[in-house]
Amino acid sequence: MADHVENSDPKEESLLDKIAGRINGDDSSDSDSEKKSASPSSRKAKIYRLFGREEPVHKVFGGGKPADVLLWRNKKISAAVLGGVTAAWVLFELLDYHLLTLVCHISILALTVLFLWSSVSTFIYKRPPHIPEVHLPEDPFLQVASALRIEINRALAVLREIASGRDLKKFLMVVAGLWVLSIVGSWCNFLTLFYILFVLLHTLPVLYEKYDDKIDAFAEKAMIEIKKQYAILDAKVLSKIPRGPLKDKKRA
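Residues numbered from 1 in each chain as written. Predicted model: local features only at pLDDT ≥ 70, side-chain atom pairs only at ≥ 80, totals over all residues. Heavy atoms only, no water.

For clarity, the threshold we go by: UniProt positions are given in the numbering used here, feature names are shortened, and annotations may be inferred rather than shown by experiment.
Identification of the chain as Reticulon-like protein from Fraxinus pennsylvanica is taken from an unreviewed UniProt entry. Under the Subcellular location (unreviewed entry) heading, UniProt states for the chain: "Endoplasmic reticulum membrane".

Here you go:
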């Protein structure tokens, strides 16, 4: 009996050692697979993206038909939209054509053509033109008004936060942006400024989507340099500006 127990112990120990080895091997393989799977994501997380985007450019613009137009997915529609806006800018800005005058002239021409067509069709025994009834739906206008209200409230909240004096960096950025916009506005009127922004919106996203790696690398270097310059400005000038104890006043 004692011999049988002594002979069985090494077998049991060897079986336990094999099982333990397999378990350890599985754990090591799992850890290796986790490291392999984690390494690409960690590499991707280190890549700098402009404006902190985490999705493709098409999804950033909504992923619908407006994004297709802005990113020239359908070149005919995008070219037609850009051409129409360019024609309107040429009429109103270069030819000094006014919007109200244009709407009145188009209405006069359309009404004259339809009236003559309807009158002549009774003499030549042909069917008069079918003039469809136009009814503007209510839902799109409500959606646009609701979206505009949300954006205006968000902008007012941001301006209120900036005016409270809590974030000096954001305050300086907004003031600098408004100052640059005022300079650009002194160079051209609102219509020309709107046209320039529209053309930039139809060209810059396409170029960024095509050369995003190079632009992101350049933007990363620029942001590093801007942070260095801001740190120097903060150390020499901004940190010496006296500020009131806002938190202490609130607590009191």
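1. Description of unusual backbone geometry
Excluding glycine, residues mostly have negative phi values, and the peptide bonds linking residues are mostly trans. What counts is decided by this rule: The secondary structure listing takes helices from DSSP runs of H or I that are at least 4 residues long and strands from runs of E that are at least 2 residues long, numbered from the N terminus.
Here the phi dihedral of Trp72 falls at roughly 55 degrees; this positive angle occurs in a residue that is not glycine. By secondary structure assignment, the location of Trp72 is in the loop between helix 3 (65-70) and helix 4 (75-94).

2. Some words on the packing of helix 4 against helix 8 (residues 190-210)
Rules: The angle between two axes is taken between their N-to-C directions and runs from 0 to 180 degrees, where each axis is a line fitted to C-alpha atoms and a helix contributes only its stretch in contact. Roughly parallel refers to an angle under 35 degrees, roughly antiparallel to one over 145, roughly perpendicular to one between 65 and 115, and oblique to any angle outside these ranges. Left-handed describes a crossing whose near helix is turned anticlockwise from the far helix through less than a right angle; right-handed describes the clockwise counterpart. Contact definition: two residues touch when any of their heavy atoms are within 4.5 Å. Classes in brief: Ala, Val, Leu, Ile, Met, Phe, Trp, Tyr, Cys and Pro nonpolar; Asp, Glu, Lys and Arg charged; the others, Gly included, polar.
At their nearest, the axes of helix 4 and helix 8 sit 11 Å apart, and the two run at 165 degrees to each other. When the axis of helix 4 is compared with that of helix 8, the two are roughly antiparallel. Considering only the axes of helix 4 and helix 8, their crossing is left-handed. Contacts between helix 4 and helix 8 involve Val81, Leu82, Val85, Thr86, Trp89, Phe92 and Glu93 from the former and Leu191, Thr192, Tyr195, Phe198, Val199 and His202 from the latter. Residue classes in the contact of helix 4 with helix 8 are distributed as 9 nonpolar, 3 polar and 1 charged.

3. Some thoughts on the packing of aromatic side chains
Inclusion rule: Ring geometry is summarised as follows: Phe, Tyr and Trp rings, the Trp one being its six-membered ring, pair when their centres sit within 6.5 Å, and such pairs are stacked at plane angles under 30 degrees, edge-to-face over 60 and tilted between the two. Here's how the labels work: a residue is buried when its accessible area is under 20% of the maximum for its type, exposed when over 50%, partly exposed in between, all with a 1.4 Å probe on protein chains only.
A complete count under the given rule lists 2 aromatic pairs for this structure. Where Trp89 meets Tyr195, the ring centres are 4.8 Å apart and the plane angle is 5 degrees; that geometry is what we call stacked. Remark: Tyr195 occurs in helix 8 and Trp89 occurs in helix 4; sequence separation between them is 106 residues. Judged on exposure class, the residue Trp89 and its partner Tyr195 are both buried.

4. Topic: the UniProt feature "transmembrane region" (unreviewed entry) in the chain
UniProt's feature table lists "transmembrane region" (unreviewed entry) at residues 77-92, 98-117 and 171-201, given in the numbering used throughout. In residues 171-201, the share of helix is 94% and the share of strand is 0%. The end C-alpha atoms are 26 Å apart.

5. Description of the side chain of His202
For His202, the location among the structural elements is in helix 8. Every residue in contact with His202, bar those within four places of it in the chain, is listed here: Val69, Leu70, Trp72 and Val81.

6. What to know about the pattern of salt bridges
Here is the rule we go by: Salt bridges, as used here, are contacts in which a Lys or Arg side-chain nitrogen is within 4 Å of a carboxyl oxygen on Asp or Glu.
On inspection of all chains with the given rule, the structure shows 2 salt bridges. With its nearest N and O atoms 2.9 Å apart, the salt bridge here joins Glu209 to Arg73. One end of the pair, Glu209, is in helix 8; the other, Arg73, is in the loop between helix 3 and helix 4, with 136 residues separating them in the sequence. Take Glu209: its relative accessible area is 28%, and that puts it in the partly exposed class. As a salt-bridge pair, Glu151 and Arg154 come within 3.7 Å of each other at their nearest N and O atoms. Within this pair, Glu151 and its partner Arg154 are both found in helix 6 (residues 138-163), separated by 3 residues, close to a single helical turn.

7. Overview of the nonpolar core
Our working rule: Nonpolar cores were defined as sets of buried Ala, Val, Leu, Ile, Met, Phe, Trp, Tyr and Cys residues, with membership established by side-chain atoms within 4.5 Å.
Core analysis: the largest hydrophobic core is formed by 5 residues, namely Leu82, Val85, Trp89, Tyr195 and Phe198. Counting residues per element, the ones that place at least two in this core are helix 4 and helix 8. Residue contacts for Leu82: discarding those within four places in its chain leaves Trp72, Phe198 and Val199.

8. What to know about a nonpolar patch on the surface
Here is the rule: Only residues above 30% relative accessible area that lack a salt bridge enter a patch, with like-charged residues linked at up to 9 Å and the nonpolar side chains Val, Leu, Ile, Met, Phe, Trp and Tyr linked at up to 5 Å. We get accessible surface area from the Shrake-Rupley algorithm with a probe of 1.4 Å; when it comes to residues, only the shown protein chains can shield them.
A surface patch of nonpolar side chains, about 580 Å² in accessible area, is lined by Ile196, Leu197, Leu200, Leu204, Leu207, Tyr211 and Ile215. If you tally residues by element for the nonpolar patch, the top one is helix 8, at 5 residues. Position of Leu204 relative to the elements: it lies in helix 8.

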